[in-house]
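Residue-level structural notes
Read off the chains here:
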Amino acid sequence: MRTLAATLVIATCWTIAATPAAQAQNSDQKTAAKQQVLWDKLESQIREIDRNLDGVMGVAIEDLTTGQKFFLHEDEVFPQASSIKIAVLAELYHQAQLSGQGASGKARLADLYTVEAKDMVQDSDIMLGLTPGVTRVTNRDLATMMIAVSDNSATNVLIDRLGMENVNALLHSLGLTHTRLRRKMMEVKAASEGRENVSTPREMMTLLEQIYRGKVLNKEMTDDFFKMLATHKDSAISRDLPEGVRSADKPGELEAVRTDSGIVFADKRPYVISVMTTYLHNEHDGADAIARISVAAYSMFERLGKGSEYGRVVSTSNGSNVH
């Protein structure tokens, strides 16, 4: 009897001790179920946008808090246009970090360059206004021009200084087998021969996610990378987001192609978003589709970031309505 009594006491104690954990697990499961409803609705919105687009679309979205993802045609290879400049920027910061660690022959952000007439190509709003043989700029200056106004001459100079093979080596080291820089900007002959700059929604998402998590750069370089990528610019991802929302992205435009990839720093719920479109009958429709997906994604992540486990939002504007 004493053995039975002792067993009952131990079992009772175990049940009491386990109850809070079991309750917490049950609560987490209910929260996840409610949040999954939001993900399901986002999926429905994206698929509706895709159905109405006269073209081909790929999407990859990742919640950087939980790792949950949404994919649509995520492994299809798309032309990147200027979105490939994200990879060029990543290699610039990668080399700058190696240089700071004592590696020789690597580019530094402060390295100077004298602008030359042979550098100039179309769609170079800043470089074309500089004085060849006189104006000196740093690699950081070139990167700012590349990201903020998508200056193609600045991009080509950076590609030459970094080495196209080094950009691709970095991508390969990260396991990105479909993302490649194959030509400089405005090389129409190379593009016509099939040497297009390409990636997939999943791989561009992965590149940004790995940089965000510090797997490519140290914290200082990571922070500066996203500060540079968040330089104000016209982009489909940020176009219709609320004022003040930080978006570190790079859009791309080619005939029949619109792309945009980046990280949106929604309050307490940052996320990666990559949307690529091609075979577009109307390029404006491609940009509009990206903008609509961006707004839908932000709407969900904003609520996830602000809401409690029950979805309640408590703010100064509604605090007086607590009942």
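Preceding block: the structure.
The present account deals with the structure reproduced in this document. Model, not experiment: these values are computed from the prediction.

Attention now moves to the packing of helix H2 (residues 85-100) against helix H4 (residues 152-162). Running from N to C, H2 and H4 cross one another at 45°; their axes reach a closest spacing of 10 Å. Classified by the angle their axes make, H2 and H4 are oblique. At the point where H2 passes H4, the crossing takes the left-handed sense. Taking contact as the criterion, the partners of Lys-85, Val-88, Glu-91, Leu-92 and Gln-95 in H2 are, on H4, Asn-152, Thr-155, Leu-158, Ile-159 and Leu-162. Counted by class, the contact of H2 with H4 contains five nonpolar, three polar and two charged residues.

What follows deals with the sheet that holds strand E7 (residues 247-254). The strand order E2-E1-E9-E8-E7 describes an open sheet built from five strands, whose pairing is antiparallel. Each of the sheet's edge strands pairs with one partner strand only, and the pair in question is strand E2 (69-72) and E7. On average, each strand axis in the sheet is tilted by 5° relative to the strand beside it, whichever way the strands run. With seven bridges joining them, strand E8 (residues 257-264) and strand E9 (residues 271-278) adopt antiparallel strand pairing. From the neighbouring strand, Thr-259 faces E9, where its bridge partner is Met-276. Across the sheet, helix H8 (residues 219-229) touches E7 and E8, and the angle it forms with E7 is around 50°.

Going through the model one piece at a time under the given rule, you end up with 22 salt bridges. Among the salt bridges present, the one from Glu-62 reaches Lys-69, with a minimum N-O distance of 3.9 Å. According to the relative accessible area criterion, Lys-69 is partly exposed, its value standing at 41%. Here Asp-224 and Arg-140 are joined by a salt bridge, their closest N and O atoms 2.9 Å apart. On the criterion of sequence distance, the pair formed by Asp-224 in helix H8 and Arg-140 in helix H3 (residues 139-148) is long-range, its members being 84 residues apart. Look at Asp-224 and you get buried, because its relative accessible area is 17%. Judged by relative accessible area, which is 32%, Arg-140 ranks as partly exposed. Bridged by salt links that share partners, the residues Glu-62, Lys-69, Glu-209 and Arg-213 form one connected network.

Moving on, we come to H8. For an α-helix, 3.6 residues make a turn, and residues three or four places apart therefore share a direction. Residues Met-221, Thr-222, Asp-224, Phe-225, Phe-226, Met-228 and Leu-229 constitute the buried set of H8. Contacts from the buried residues of H8 go to H2, H3, helix H7 (201-212), E7 and E8. The backbone nitrogen of Glu-220 lies 3.3 Å from a side-chain oxygen of the residue at the head of H8, namely Asn-218.

Core analysis: the largest hydrophobic core is formed by 51 residues, its most contacted members being Leu-89, Leu-207, Phe-225 and Leu-229. Elements supplying a minimum of two residues to this core: H2, H3, H4, helix H5 (164-173), H7, H8 and E9. Per element, the largest residue contribution to this core is eight residues, and it comes from H2. Apart from residues no more than four positions distant in its own chain, Leu-89 is found in contact with Ala-143, Met-146, Ile-147, Phe-225, Met-228 and Leu-229. Core analysis: the next-biggest nonpolar cluster, separate from the first, contains 28 residues, Ile-49, Tyr-271, Tyr-298 and Leu-304 among them.

Another aspect to go through is unusual backbone geometry. Here Met-186, not a glycine, exhibits a phi torsion of approximately 70°, which is positive. Assessed through its relative accessible area of 33%, Met-186 is described here as partly exposed. Positive phi is not limited to glycine here, since Lys-268 has a value of about 65°. Here Lys-268 lies in the loop between E8 and E9.

Cut-off values and rules
Residues numbered from 1 in each chain as written. Predicted model: local features only at pLDDT ≥ 70, side-chain atom pairs only at ≥ 80, totals over all residues. Heavy atoms only, no water. Axes fitted to C-alpha atoms, helices over the stretch in contact; angles between N-to-C directions. Helix = DSSP H or I, 4+ residues; strand = E, 2+ residues; numbered from the N terminus. Parallel < 35°, antiparallel > 145°, perpendicular 65-115°, else oblique. Left-handed = near helix turned anticlockwise from the far one by under 90°. Contact = heavy atoms within 4.5 Å. Nonpolar A, V, L, I, M, F, W, Y, C, P; charged D, E, K, R; others polar. Pairing = 2+ DSSP bridges. Salt bridge = Lys/Arg side-chain N within 4 Å of Asp/Glu carboxyl O. Buried < 20%, exposed > 50% of the residue type's maximum accessible area, 1.4 Å probe, protein only. Polar contact = N/O pair within 3.5 Å; in protein donor to acceptor, adjacent residues only side chain to side chain. Core = buried A, V, L, I, M, F, W, Y, C linked by side-chain atoms within 4.5 Å.

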